[in-house]
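Notes for the structure review
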Amino acid sequence: MNRACELVNNEGYGVKSVAVENILSKESYVPTKNAFSEKLSDFGFNLFTMLVVDLMHEFELGVWKAIFMHLIRILISVGGNVVQEFNSRYRQVPAFGRSTICKFHNNVSSLKKLAARDYEDILQESIFFENLLPDMQHDKLLSELLFTLAEWHANAKLRMHTDTTLDILRSVTQTLGSQLRSLVKNICPSYDTKELPSEVTKRGRRLSRKRAQGQARQVRQNEPAARGPKRKLLNLATYKLHALGDYVWHIFTFSTTDSYSTQIGELQHRRVKRFYARTNKHRSTRQIARLNERERALRGLGVGQKLSPARKLNKYTKAELSVRAHMHNRAHDLPVIPPEAHHFISESRNHPVHLSNWLHATQSKTDAALKDFRINLKNHLLHRLRKPGQADDGTEYTPQDRSELTIKNDRIYRQHTFRVNYTTYDIRRDQDSMNPNRRADVLMLSHDVDPSTGVSLSGHPFTYARILDIFQVPVVQWRPGTTPTEYTIPVLFVRRYELDARWRAGFQQKRLPRVKFLSADNPAAFGFADPDEVIRGAHLIPAFAHGRTSDYLQPGKSVARLDGKQDDWRFYYVNWFVDRDMYMRYRGGSIGHITLKVDDPPADSDSPTDEIAEEVAPGSPDHEGIQTEPTNSQATGHAQTEDAELEQIEDVEKTADAEEEASSSDESDLESQASDSRSDSEDEIGSDEEEEILEAEVTLGFSPL
């Protein structure tokens, strides 16, 4: 460093000269002395250990943003209405939590006014790329890459790490590097990707600005400002991607990434943007300052604080008092729940429902969701009164048993929200709020879980349900020889899901679990749930690629459908990555959760999902709403695939004829030859995997420090 500074300061060499670069380029240094090095280098202090990673700028606004933009370029190159279908899927995503997943705007692919938190939400919902590419193999590789990106992001952003989670992050980082190289090598060359319209516009403005500033030498004279989109490739040779391999070491050395995140300061941009929208957009700085001062004054007012005579003359006094009154009313609408309480449902009786009239008005005889509503309600209430603390097992009580209960005045009282407290993976208390009018799905513990081992007989420890309504039910219990007893019991009217048995999911499969509604013919499809059984809210994403169906419930309006829909989505995906707590519930190993075993089949196990994927493949007649225009290379690939399939069919027919005529001795020879060929193929696969692992450790800086 001293020699480089001497060349620049004393001998007149340029900062970028060959002599200086020969000294500093090996370590990417610059000829600038640092005060930390000058004062602390004698004590063995290395200033580079202070430079921690930046998750928001390096990954959310760096690696993931670059990959997402290139995926948009691929969708545009496919043609047809694929991009419109992609935007439509994001528009239909339900919000989750107070600010966890917000509603997306109409045109996500335009990438307008997106902050880091928006790119984070897009990543957490990236399952929407399913079946948008014409090549099913490309679609499979892309789905696995998006799963790995979401898992890496969830793991790197944990607020509490253990040795197990750090080992998982290290393994996922190596997998991510391998999949990114596979994306560039196997998928990207098949598509003619060009600049996005926003990139073309930005480049044109940049060139025009350079010409206006007289920097004509920096712009080629034969290049006009608007030349059209250029070919654009995905660049993996960036520092931000290279830095992903350092996260494990930094977390181990400096604690979790939230301790040194730049997101806290960046969130203050939202205040300025909120004030800017309230200005007239002309000399807005002065107006923003006044609005900020006004907000500070309003926050300084206490509910019972007396105003001084000078303050009474202020022209904003009435507005301030109205704001205080509004905040006071809101405080009564949403009372604070004690952290030790499991849930809260209001006991308000402002919305009474006369049970007989309501069932008659909603045509309960034709709506399967309301079939035997009163009987099922009394069965549920009897179970909770007779077996408190036990999960409802669907016991059918006799009419004589049900006669013990009387719904007082034949009225139940509807409530609007259900809030549940839960302990997060990092031993904090958090809360989910569910509203039946906004697609409220909940997560509950499966009844077949062994409490001692956390293993479920079905392989999945959770069950899922959608809250259709929330009621407070006043009942009177009449028992012979005792005085009548009154109770007010909160219940959730739910529609239950079941796991799709044909779909293999797990971290090794790199697939999210898939659920579907129980058929209305199943007695358990609709019923009631105890609020104490709810663990927390669940974020279920519609499987848009598989379309809608009326197989689960007769077509038409029903209390089980929102917005007057006539049918339901065929499948839903359980979003593991909606937040870090949800991720750790399925990943396991967290301190704040009990141990539950989620079935995780190996990646090389047979999966019956290929048949389902082929039924809705893009470009097929059954794939509604998506039309693609394959390129020449893709069309050639499809033609070659069809020829290969015909050859396979002919080979199968010949093999079948040969097997019918062959003797038992010949069959044994064929089996031995087949076993030899399988062993040879396994050796080849094993060697390929070893090469990929070695390549992953060397390339892109993903090796340990």
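Here goes a summary of the coordinates provided. Remember, predicted model here, so these are calculated numbers, not experimental data.

What to know about the overall build of the chain
The secondary structure content of the chain amounts to 23 helices and 16 strands. Across the 705 residues of the chain, 41% fall into the buried class. In the chain, the proportion of contacts linking residues at least 24 apart, taken out of those at least 6 apart, comes to 69%. For the chain, the computed accessible surface area is about 40000 Å², with 51% contributed by carbon and sulfur atoms.

Looking at the environment of His 546
Here His 546 lies in the loop between strand S13 (540-542) and strand S14 (548-549). In this structure His 546 comes out as buried when scored by relative accessible area, which is 8%. Separated by 3.3 Å, the side chains of His 546 and Glu 130 make a polar contact.

Considering the packing of helix H4 (residues 55-78) against helix H6 (residues 116-124)
To characterise two packed helices, one gives the angle between the axes of the helices and the distance between these axes. Between H4 and H6, the least distance of the axes is 10 Å, while the angle of their chain directions is 55 degrees. In terms of orientation, H4 lies oblique with respect to H6. The handedness of the crossing between H4 and H6 is left-handed. Two secondary-structure elements touch here, H4 through Met 56, Phe 59, Glu 60, Leu 61, Trp 64, Lys 65 and Phe 68 and H6 through Ala 116, Tyr 119, Glu 120, Ile 122 and Leu 123. Residues of the contact of H4 with H6, tallied by class, amount to nine nonpolar, no polar and three charged.

What about the pairing of strand S9 (residues 485-499)?
As judged from the twelve bridges shared by strand S8 (residues 462-477) and S9, these two strands associate in the antiparallel manner. When the sheet's bridge partners are listed, Gln 477 is paired in S9 with Thr 485. Pairing of S9 with strand S11 (residues 526-529) involves four bridges; the strand directions are antiparallel. Bridged to Phe 493 within S11 is Phe 528. In terms of strand pairing, S9 meets strand S10 (residues 514-517) through three bridges, oriented antiparallel. Bridge pairing links Glu 498 to Lys 516 in S10.

Structural notes on a positive patch on the surface
Among the surface-exposed residues, Lys 202, Arg 205, Arg 206, Arg 209 and Lys 232 lie close enough to one another that they form a single positively charged patch. Overall, the relative accessible area of 44% leaves Arg 209 in the partly exposed class.

Examining the pairing of S10
Pairing of S10 with strand S16 (residues 572-574), which is carried by two bridges, proceeds in the antiparallel orientation. Within S16, the residue paired with Arg 514 across the bridge is Tyr 573.

As for the sheet that holds strand S5 (residues 418-423)
Spatially, three strands are ordered S1-S5-S6 in an open sheet, and the strand pairing comes out antiparallel. Two strands close off the open sheet at either side, each with one partner strand: strand S1 (343-344) and strand S6 (429-434). By the bridge criterion, two bridges tie S1 to S5 in an arrangement that is antiparallel. For His 343, the partnering residue across the bridge sits in S5 and is Val 420.

Observations concerning the packing of aromatic side chains
For the coordinates displayed, the defined rule picks out 32 aromatic pairs. For the pair Phe 147 and Phe 507, a centre-to-centre distance of 6.0 Å together with 70 degrees between the ring planes defines the contact as edge-to-face. Highlighted residues: Phe 147 in helix H7 (residues 136-156) and Phe 507 in the loop between S9 and S10, separated in sequence by 360 residues. The exposure class of Phe 147 is buried, given its relative accessible area of 5%. Between Trp 152 and Tyr 247 the ring centres are 5.1 Å apart and the planes differ by 75 degrees, which places this aromatic pair in the edge-to-face class. A residue pair is termed long-range when its members are at least 10 positions apart, and Trp 152 in helix H7 and Tyr 247 in helix H11 (residues 247-254) qualify at 95 residues.

Examining the pattern of salt bridges
If you walk through the whole model with that rule in mind, you get 33 salt bridges. Ionic pairing is found between Glu 6 and Arg 3, a salt bridge with its closest N-O pair at 3.7 Å. Taken together, the residues span about one helical turn, with Glu 6 and Arg 3 both in helix H1 (residues 2-9) at a distance of three residues. Its relative accessible area of 41% is what places Arg 3 among the partly exposed residues. With a closest N to O distance of 2.9 Å, Arg 386 and Glu 404 form a salt bridge. Of this pair, Arg 386 sits in helix H18 (residues 373-386) while Glu 404 sits in the loop between helix H19 (399-402) and strand S3 (405-407); the two residues are 18 residues apart in sequence, bridging distant segments of the chain. The exposure class assigned to Glu 404 is buried, which follows from its relative accessible area of 14%. Each of the salt bridges in this network shares a partner with another, and the network as a whole consists of Asp 432, Arg 536, Asp 579, Asp 581 and Arg 585.

As for the environment of Ser 261
With respect to the helices, strands and loops of the structure, Ser 261 is situated in the loop between H11 and helix H12 (263-266). Separated by 208 residues in sequence, Ser 261 and Val 53 have C-alpha atoms that sit 8.5 Å apart. There is a polar contact of 3.0 Å between the side chain of Ser 261 and the backbone nitrogen of Gln 263.

As for the nonpolar core
Judged by nonpolar contacts, the single largest core of 93 residues is most densely connected at Trp 64, Phe 68, Trp 152, Tyr 464 and Tyr 586. Broken down by element, the residue count for this core peaks at twelve residues, all from H4. For Phe 68, the residues in contact, after removing those within four places along its chain, are Phe 86, Val 108, Leu 111, Tyr 119, Ile 122 and Phe 129.

Examining a nonpolar patch on the surface
There is a patch of nonpolar side chains on the surface, built from Met 1, Tyr 29, Phe 36, Leu 40, Phe 43, Phe 45, Phe 48, Met 50 and Leu 51 and spanning about 870 Å² of accessible area. Here Leu 51 falls in the exposed class, since its relative accessible area comes to 53%.

Considerations on unusual backbone geometry
The bulk of non-glycine residues show a negative phi, and the bulk of peptide bonds are trans. Of note in the backbone geometry, Arg 283 takes a positive phi value of approximately 55 degrees without being a glycine. Take Arg 283: it is sitting in the loop between helix H13 (269-276) and helix H14 (284-300). Even without being a glycine, Asn 409 presents a positive backbone phi close to 60 degrees. On the secondary structure map, Asn 409 appears in the loop between S3 and strand S4 (411-415).

With respect to helix H9 (residues 197-212)
Between the first and last C-alpha of H9 there are 23 Å, a value that for 16 residues agrees with the 22 Å anticipated at 1.5 Å per step. Those residues of H9 that sit buried are Glu 199, Arg 203, Gly 204 and Leu 207. Along the axis of H9, the buried positions cluster into a sector of 135 degrees, meaning they face one direction only. Exposed residues on H9 whose side chains face more than 90 degrees from its buried face are Pro 197, Lys 202 and Ala 212. In this fold, the buried residues of H9 make contact with H4. Once H9 finishes, Gly 214 follows within two positions and takes phi at roughly 80 degrees, a positive value.

Parameters at a glance
- Residues numbered from 1 in each chain as written.
- Predicted model: local features only at pLDDT ≥ 70, side-chain atom pairs only at ≥ 80, totals over all residues.
- Heavy atoms only, no water.
- Helix = DSSP H or I, 4+ residues; strand = E, 2+ residues; numbered from the N terminus.
- Buried < 20%, exposed > 50% of the residue type's maximum accessible area, 1.4 Å probe, protein only.
- Contact = heavy atoms within 4.5 Å.
- Areas by Shrake-Rupley, 256 points an atom, 1.4 Å probe, with all protein chains shown as cover.
- Polar contact = N/O pair within 3.5 Å; in protein donor to acceptor, adjacent residues only side chain to side chain.
- Axes fitted to C-alpha atoms, helices over the stretch in contact; angles between N-to-C directions.
- Parallel < 35°, antiparallel > 145°, perpendicular 65-115°, else oblique.
- Left-handed = near helix turned anticlockwise from the far one by under 90°.
- Nonpolar A, V, L, I, M, F, W, Y, C, P; charged D, E, K, R; others polar.
- Pairing = 2+ DSSP bridges.
- Patch = residues over 30% accessible without salt bridge, like charges linked within 9 Å, V, L, I, M, F, W, Y side chains within 5 Å.
- Salt bridge = Lys/Arg side-chain N within 4 Å of Asp/Glu carboxyl O.
- Lys, Arg positive; Asp, Glu negative; His and termini not counted.
- Charge placed at Lys NZ, Arg CZ, Asp CG, Glu CD.
- Phe/Tyr/Trp six-rings, centres within 6.5 Å; stacked < 30°, edge-to-face > 60°.
- Core = buried A, V, L, I, M, F, W, Y, C linked by side-chain atoms within 4.5 Å.
- Expected span 1.5 Å × (residues − 1).
- Arc of directions from axis to C-beta.

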